[in-house]
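# Examination of the molecular architecture
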Amino acid sequence: MTFFVLGIDGASWNVIRPNLKVLKNFARLIQAGKAKEIVLREKPISAAIWCGMFSGKTVEEHGHLEFTKDGKIVKREDIPVKFIWDILKDKIDVRVLNVPFVVPPYSFNVDFRPVGFGLPSNEKEWEEELERVTETTKELLTWKPDLLISVFTLLDRVQHFHWGEPVVLEWYKKLDEKIGELVWDTGFLPSETNKLILISDHGFCSFGEAKVQTLPKRTPYGELKGDHLERAVLITVNVEEEIEQPQDVFRVLEKEFLRTKS
Amino acid sequence: MPRRKKFTTVSIPVQLFEKIKKQIENTGFPSVSSYVGYLLREVLVEAHESGEMPFAREDAEKIRRRLRALGYLR
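Described in the following lines is the structure provided in the data block. (Residues numbered from 1 in each chain as written. Chains lettered and ligands numbered in written order. Predicted model: local features only at pLDDT ≥ 70, side-chain atom pairs only at ≥ 80, totals over all residues. Heavy atoms only, no water.)

## Some points on the overall build of chain A
Along its length, chain A carries 9 helices and 13 strands. Oriented by its inertia axes, the alpha-carbon framework of chain A measures out at about 50 × 45 × 30 Å. Expressed as a percentage of its 262 residues, the buried residues of chain A come to 61%. For chain A, long-range pairs separated by at least 24 residues make up 70% of all intrachain contacts whose partners lie at least 6 apart in sequence. When the accessible area of chain A is evaluated, it comes to approximately 10,700 Å², of which 47% is carbon and sulfur surface. Within chain A, one finds 36 positive and 42 negative side-chain charges whose respective centroids are separated by 2 Å. (Helix = DSSP H or I, 4+ residues; strand = E, 2+ residues; numbered from the N terminus. Buried < 20%, exposed > 50% of the residue type's maximum accessible area, 1.4 Å probe, protein only. Contact = heavy atoms within 4.5 Å. Areas by Shrake-Rupley, 256 points an atom, 1.4 Å probe, with all protein chains shown as cover. Lys, Arg positive; Asp, Glu negative; His and termini not counted. Charge placed at Lys NZ, Arg CZ, Asp CG, Glu CD.)

## Observations concerning the packing of aromatic side chains
For any pair of aromatic rings, geometry is given as the distance between the ring centres together with the angle between the planes. Residues and elements named next belong to chain A. The tally for this structure, following the rule as stated, stands at 11 aromatic pairs over all chains. Taken together, a centroid distance of 5.5 Å and an interplanar angle of 85° make the contact between F4 and F188 edge-to-face. Here F188 lies in the loop between helix 8 (166-185) and strand 8 (195-199) and F4 lies in strand 1 (residues 3-8), a separation of 184 residues in the sequence. You can call F4 buried: its relative accessible area is 0%. Here the aromatic rings of F101 and Y106 are separated by 5.5 Å at their centres, their planes lie at 45°, and the arrangement is tilted. (Phe/Tyr/Trp six-rings, centres within 6.5 Å; stacked < 30°, edge-to-face > 60°.)

## Remarks on the interface of chain B and chain A
Of the residues lining the interface, 25 residues belong to chain B; the matching set on chain A comes to 37 residues. For the pair chain B and chain A, the two sides together bury roughly 2,700 Å², of which 64% comes from carbon and sulfur. Run the count over chain B and chain A and you get 1 salt bridge. The partner of A:E125 in a salt bridge is B:R66, with the nearest N and O atoms 2.5 Å apart. Taken together, the connections running from chain B to chain A amount to 4 residue pairs in polar contact (both at pLDDT 80 or more). Of all the secondary structure elements, the ones that give two or more residues to the side of chain B that touches chain A are helix 2 (32-50) and helix 3 (57-70) of chain B. Sort the elements by how many residues they give to the side of chain B that touches chain A and helix 3 of chain B lands first, with 10 residues. Each residue belonging to the side of chain B that touches chain A can be placed in one class, and the counts come to 13 nonpolar, 4 polar and 8 charged. (Buried area = accessible area lost by both parts, 1.4 Å probe. Salt bridge = Lys/Arg side-chain N within 4 Å of Asp/Glu carboxyl O. Polar contact = N/O pair within 3.5 Å; in protein donor to acceptor, adjacent residues only side chain to side chain. Nonpolar A, V, L, I, M, F, W, Y, C, P; charged D, E, K, R; others polar.)

## Observations concerning the nonpolar core
Residues and elements named next belong to chain A. Counting 41 residues, the largest nonpolar core has L29, I179, L196 and L198 as the members making the most contacts within it. At 8 residues, the largest contribution of residues to this core is made by helix 8. Those residues in contact with I179, other than ones at most four positions away along the chain, are L6, I8, N25, F26, L29, W184 and L198. Counting 38 residues, the second-largest nonpolar core is a separate cluster that includes W50, L88, F108 and I243. (Core = buried A, V, L, I, M, F, W, Y, C linked by side-chain atoms within 4.5 Å.)

## Comments concerning helix 3 (residues 46-55) of chain A
Residue and element names in this part refer to chain A. Judged by how many residues are buried, helix 3 sits mostly within the fold: 10 of 10 residues are covered. Along helix 3, the positions that sit buried rather than exposed are S46, A47, A48, I49, W50, C51, G52, M53, F54 and S55. Phi for G56, located one or two positions after helix 3, is positive at around 75°.

## Section: the environment of A:L141
With respect to the secondary-structure elements, A:L141 resides in helix 6 (residues 123-142). When the C-alpha atoms of A:L141 and A:Y172 are compared, they prove to be 22 Å apart, with 31 residues separating the residues in sequence.

## Topic: the sheet that holds strand 2 (residues 34-39) of chain A
Residue and element names in this part refer to chain A. If you trace the 7 strands from one edge of the open sheet to the other, you get 2-13-8-1-7-5-6, paired in mixed fashion. The outermost strands of the open sheet, each flanked by one partner alone, are strand 2 and strand 6 (106-108). Between one strand axis and the next, the sheet turns by 15° as a mean value, whatever way the strands run. Direction of pairing for strand 1 relative to strand 7 (residues 147-152): parallel, over a ladder of 6 bridges. Bridge pairing in strand 7 links L6 to S150. Packed on one face of the sheet, helix 8 meets strand 1, strand 7 and strand 8 and runs near 170° to strand 1. (Pairing = 2+ DSSP bridges. Axes fitted to C-alpha atoms, helices over the stretch in contact; angles between N-to-C directions.)

See the structure below:
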């Protein structure tokens, strides 16, 4: 049995739902499992949400809000928590790829150099991340680890710069194809034993509509058109436990691998 | 399950190879390959355990530039 957590930074139901006819692998997963919207209780800030998702801690508890603090890049060792992989590493085969709670994104037990230091910022780099995360994840799936966590970050950047443009859906379609390759073409699903959590850290909306402004409107790369929405995507397959908040992912994994099921 | 290749080739300068060869004389390492493999594993394990990938100082500056350009660092 492999438990696969597939993270998609910034994946948003308001793009996926109206386009399920062309996002066939999202549609197929929704049919195979359960889909819901997570309404975040915490601010939709990527660093904090991914950190909470895999540490089980609230932002007050882990204290990690942004990629930088006082002008310095925050590193893994600056965050005083144990992540799920730290807890499980001596018990099971756990592989972690490209989790963007810090920059460069964090990998564990996997040799992976993130594209653009985890901040892919143009089409060429988005394509490269799509390919490299997919290929590395596919290879890891063939090893049948007990737990695999893998995250794509490109959609976040695409939507910050192009929200409201047709190109956003084009990138969702590209990602949808890769999801198909990872989940169905590898034989990971359908399965009665393998488990999947597909999750985003937040959704997206127009820059002016966002309750929290995560980045300044004008950047040297251009004007931002989209910003984070406090509504995230969740699709699970073969996972019985309910996930209401990102921290519940930690609890589900902890229960799966550490506690006896009730 | 596809069969995974166990070894592959990595190129290093001949001069460096010769230096390493000299260095491992009278040690327990049977070949330059085994010594280089050992060193790389050490570096990667250290990097994973500390949570830091092995980035050079100039890479850190590139990361800061990207963070600044995207607005994360003001």
